[in-house]
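What the coordinates show
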Amino acid sequence: MADFVKIADKYQIDRSRIEFEITEAVLLDASQIKNVREGLQMIHQYGFKSSIDDFGTGYSSLSLLQEFDIDTLKLDRSFFQDINNAKARDVVACIVDIAKKLDIRTVVEGIETLQQVEYLKKMECNTIQGFFFSRPLPIPEFEQWLYRFQILDYMKIEKEV
């Protein structure tokens, strides 16, 4: 942990902007629960954030929310493959609602359609990511994409004023 602190301090990065991602499978290993809990406490002690990736793909997801101090849940894309399924929508709505009540941010991964985006905006998910917005890009292409995005966002603001 000391190396991460040194790097963040050297480059004057707000530690709360750095998030350590843990896969749900690691949290389900009973022999590691004490180590994971202590590691998460240390992450927070130094001002970093933590997230659970692939949330909902394991067997004990809800107990994890009670057991561990987590800042962000990253919901697996498998929840959104059939957004027309009422049961699937209800499961997502319940997870997002629980996260809100526990003051845990939600990130939804693997979103590919406008229908999925609209549903998740209605559910008030904190962050939506996926190919709908962009495929992974090399740095120069990302910078061009970001510039276009910022220009479009600026134009939208100008029109609204």
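First things first, this report covers the structure right here in the doc. Owing to the predicted nature of the structure, the values given are computational and were not obtained by experimental measurement.

1. Looking at the side chain of Asp 53
Position of Asp 53 relative to the elements: it lies in strand S2 (residues 49–55). Lys 74 provides the closest opposite charge to the buried, unpaired Asp 53, separated from it by 5.4 Å. The contact partners of Asp 53, leaving out residues within four places of it in the chain, are Glu 21, Ile 22, Thr 23, Glu 24, Lys 74 and Glu 109.

2. Quick look at the pattern of salt bridges
A full pass over the atoms with the stated rule returns seven salt bridges. With a closest N to O distance of 3.2 Å, Lys 100 and Glu 124 form a salt bridge. Placement of Lys 100 in helix H5 (residues 86–101) and of Glu 124 in the loop between helix H6 (114–122) and strand S5 (127–128) is noted, with a sequence separation of 24 residues between them. Owing to a relative accessible area of 52%, Glu 124 belongs among the exposed residues under this scheme.

3. What to know about the state of the cysteines
A covalent bond between the sulfur atoms of two cysteines is referred to as a disulfide. In the structure shown here, the tally under the stated rule is zero disulfides. Of all cysteine sulfurs, the one in Cys 125 lies closest to Cys 94, which takes part in no disulfide; the gap is 13 Å. Among the residues examined, Cys 125 registers a relative accessible area of 11% and is labelled buried.

4. Regarding the side chain of Glu 109
You can see Glu 109 is positioned in the loop between strand S4 (105–108) and H6. One buried charge, Glu 109, has no salt-bridge partner; the nearest side chain with opposite charge is Lys 74, at 4.5 Å. Excluding residues within four positions of it along the chain, Glu 109 makes contact with Asp 53, Asp 54, Lys 74, Leu 75, Asp 76, Arg 77, Phe 80 and Gln 129.

5. Topic: the sheet that holds strand S1 (residues 19–23)
Taking strand neighbours across the sheet as the criterion, the five strands line up as S1-S2-S3-S4-S5 in an open arrangement whose pairing is parallel. Looking at strand neighbours, the two that pair on one side only are S1 and S5, the edges of this open sheet. Here three bridges tie S2 to strand S3 (residues 72–75), and the two strands are oriented parallel to one another. Within S3, the residue paired with Phe 55 across the bridge is Leu 75. Of the strands in this sheet, S2, S3 and S4 touch H5, which is tilted by about 170 degrees from S3.

Definitions and limits used
- Residues numbered from 1 in each chain as written.
- Predicted model: local features only at pLDDT ≥ 70, side-chain atom pairs only at ≥ 80, totals over all residues.
- Heavy atoms only, no water.
- Helix = DSSP H or I, 4+ residues; strand = E, 2+ residues; numbered from the N terminus.
- Buried < 20%, exposed > 50% of the residue type's maximum accessible area, 1.4 Å probe, protein only.
- Lys, Arg positive; Asp, Glu negative; His and termini not counted.
- Salt bridge = Lys/Arg side-chain N within 4 Å of Asp/Glu carboxyl O.
- Contact = heavy atoms within 4.5 Å.
- Disulfide = S-S within 2.5 Å.
- Pairing = 2+ DSSP bridges.
- Axes fitted to C-alpha atoms, helices over the stretch in contact; angles between N-to-C directions.

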